[in-house]
Amino acid sequence: MVPRRGCWIGAFAIVMGLSCAAKSPEPKPTPPDMSVLVDSYEHPTLSLDPSNVRLAFEASMSVSASVQTAVELVPQIQTAVHAGLNADGDQKQIGASSNGSNRTIDVTGSGFLLVHRICPGTAVGGGPNEANGSIDLTIGFTERGIDPVVWGTFNACQFVLGGAPATVQGAVQMYVGENLTFDKFGTEPVLVAVDGALTDVSGTAGLAMDCRIAPTGAFEYRVFVGTQHVIYWDDLEQRGFRAANGTWTCQLDLHLCTRDEDSQQLAW
Amino acid sequence: MSAVLCGCAVAGYAVSSDAYHTDKQRLGYGTAYTLGKRTIALGPFTAQYGLFDHFDVGTYVLPWFVRVGNLGVKWQLPVTDTVDVAPQLYSFRLDVQKLNADSPPLVIGAVPFDVTASWRASKDHTLSLSAVYTWIHLQGTFDQEALEGAAAVSNFQIVSTWEYRWTRVTALLLRLRYLAHQWQPTASASYVLHPDEYTTVEVYGDARLDALDVRHAWSLIPGAAWSWETFNLRVGLGYGNYNVPGVNFVLPRKTLCPELDVFWRW
């Protein structure tokens, strides 16, 4: 005897509840707007002249410690991003396994990653421990590569800063540039903004800082004189200012800056 | 989640319909044969009932204990005196959070559909060939570690089972399984990977997970089936990519592949 197949299959599907509606994919979160900050690095507003060069110099020195902290934070961020993106020779592979197994993702569309990275802590060889705090990052992607802004938080993240234990709490934003392919991450300068607090042996202090860092170790940051700003730059061999009226290379110990374009000098 | 896999793993080998190895009572798992009208096969792993002469309904028992709802049907179509063909359809549904409230939200749907042809080459030898398509739908967050690395993606497998009836009670079996193709995960799921011991990555969006790429996986499992008047036992031990029976998730690594089947038939 042949059963009435339609009845059975219908009942079968109902029992199994497979007719439930599919839920929409998780919406891609909107990244913070870093366009104003990015633009301010491209377009310094202050023209250096004899009346303000000393102020610019003093301002640059006053924030250099915070900048150094931010510079040392960047590898922590980049490590977390790399762990999520691990290009591993294939520009579209994400999340390759540390043990070499085939755990990769081939991006075929738009989406995002949530990366949770346990901080290294202050003890050498301690292994992963959530008590050491963490970094949570959101990384958007398309087939073209990483979205321009990566953002997240330091959650009581403990690590060694300048040879001493330190803890960072707060928000972080990182501008990696437009159309950065996965394999190019870490090879281009990144603009990092941190807004939080740093606790070290001297106590807890606010940490609100932004800087742009190149893979070579060269860095630059904004220096405000009043409401206007110049960009202090240091390529590890030379240093100076980018201002609205040109790029200046300075001998800070001599209190002398020379404009690259026409060798005009400023002294203070 | 491991409990789910174990439950399916053990129970999956139990969808069969054996009693004394006779012309009318034949192995059901991996073949085109059904129980027969008003016949019950009941064990700790599965329950089956011959609703009509060539039509069975069945369910995997153990998965229900871990809240994996499942139900299946099998329809045997005699083609010639020695050849039978049987389409079979099963369906599984698991809401992982009902099993473990601490788990990320994930609903797994699996619908295996296979067509099996069995050829009685002689009185003692039967050869079966199955084409198995399994549709997998994930909705929620899929943590590969939680699934023991199993590739829960839609796939197409070819399974060949050779049976040699050694005695009236004992039959020898050899099963070869090959994963010929797999499809990409649906986009309504997210995936959790652990690229190293410090890092957890959740992936949301359209992505092809090489982590779940187990194409060309295979397994070869020799075994034996004993069938008495009502009691049936089957064991097997082979090697290859372990296939979670029923839902047809495939483990990416090769390992020993056990089979176990116990039930009574009336």
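We now turn to the structure provided with this report. Note that the coordinates shown come from a computational prediction; the quantities given were computed from them, not determined experimentally. (Residues numbered from 1 in each chain as written. Chains lettered and ligands numbered in written order. Predicted model: local features only at pLDDT ≥ 70, side-chain atom pairs only at ≥ 80, totals over all residues. Heavy atoms only, no water.)

Tallying secondary structure elements over chain B gives three helices and 15 strands in all. The 266 residues of chain B split such that 60% are buried. Partitioning the intrachain contacts of chain B with sequence separation of at least 6 by distance along the chain shows that 58% fall at a separation of at least 24. (Helix = DSSP H or I, 4+ residues; strand = E, 2+ residues; numbered from the N terminus. Buried < 20%, exposed > 50% of the residue type's maximum accessible area, 1.4 Å probe, protein only. Contact = heavy atoms within 4.5 Å.)

What follows is about the side chain of D234 of chain A. Residues and elements named next belong to chain A. Tracing the backbone through its elements, the reader meets D234 in strand β9 (residues 228-234). A residue is classified by how much of its surface remains accessible, and D234, at 11% relative accessible area, is buried. A polar atom in the side chain of D234 sits 2.7 Å from the backbone nitrogen of L236. Of note is the side chain of D234, whose polar atom sits 3.3 Å from the side chain of R239. Residues contacting D234, with those up to four places away along its chain left out, are A218, F219 and R239. (Polar contact = N/O pair within 3.5 Å; in protein donor to acceptor, adjacent residues only side chain to side chain.)

This paragraph deals with the state of the cysteines. Residue and element names in this part refer to chain A. This structure, assessed with the given rule, holds two disulfides over all chains. Each sulfur in the disulfide pair C119 and C157 lies 1.9 Å from the other. Across the S-S bond of C119 and C157 the torsion is about -115°, and the bridge reads as left-handed. Linking C119 in the loop between β2 (105-118) and β3 (134-142) with C157 in strand β4 (residues 145-161), this pair joins segments that are 38 residues apart in sequence. Look at C157 and you get buried, because its relative accessible area is 0%. Paired by a disulfide, C250 and C257 hold their sulfur atoms 1.9 Å apart. The sign of the S-S torsion, about 105°, decides the handedness of the disulfide formed by C250 and C257: right-handed. The buried category is assigned to C257, whose relative accessible area is 0%. Cysteine pairing for chain A, with bonded cysteines counted in sequence order: 1-2, 3-4. (Disulfide = S-S within 2.5 Å.)

This brings us to helix α3 (residues 53-62) of chain A. All names here are of chain A. Within the sequence span of α3, burial applies to V53, A56, F57, A59 and S60. Buried residues in α3, looked at end-on, bunch into an arc of 165°, giving them a common side. Of the surrounding secondary structure, the elements contacted by the buried residues of α3 are α4 (64-85), β8 (219-225), β9, β10 (239-243), β12 (256-259) and β13 (265-267). (Arc of directions from axis to C-beta.)

The next subject is the environment of P258 of chain B. Residue position: P258 of chain B is located in strand β15 (residues 249-265). Between the C-alpha atom of P258 of chain B and that of P222 of chain B, which follows or precedes it by 36 residues, the distance is 9.5 Å.

Our focus in this paragraph is the nonpolar core. Residues and elements named next belong to chain A. With 90 residues, the main nonpolar core has L48, V81, L137, I146, M174, C211 and Y221 as its most contacted residues. A total of nine residues in this core trace back to one element, the largest contributor, which is α4. Once residues within four sequence positions are removed from consideration, Y221 is found in contact with Y41, S60, V63, S64, V67, M209, D210, C211, V230, I231 and Y232. (Core = buried A, V, L, I, M, F, W, Y, C linked by side-chain atoms within 4.5 Å.)

An α-helix turns once every 3.6 residues. As a result, residues three or four positions apart point the same way. All names here are of chain A. Along helix α2 (residues 35-42), the residues that are buried comprise L37, V38, S40 and Y41. Down the axis, α2 shows its buried residues gathered within 160° of arc, on one side only. Residues of α2 that are buried make contact with β5 (164-175), β6 (190-200), β7 (203-213), β8, β9 and β10.

All names here are of chain A. The final tally for this structure, using the stated rule, is twelve salt bridges over all chains. A salt bridge links D147 to K28; the shortest N-O distance between them is 2.8 Å. Of this pair, D147 sits in strand β4 while K28 sits in the loop between α1 (5-16) and α2, and the two are 119 residues apart along the sequence. It is possible to trace a salt-bridge network through shared partners that takes in E42, R212, E220 and R242. (Salt bridge = Lys/Arg side-chain N within 4 Å of Asp/Glu carboxyl O.)

It is worth spelling out unusual backbone geometry at this point. Most peptide bonds take the trans form, and the phi angle of most residues other than glycine is negative. Residue and element names in this part refer to chain A. Its identity is not glycine, yet A156 carries a phi of approximately 50°, on the positive side. By secondary structure assignment, the location of A156 is in strand β4. For S263, which is not glycine, the phi dihedral falls at a positive 65°. Tracing the chain through its elements places S263 in the loop between β12 and β13.

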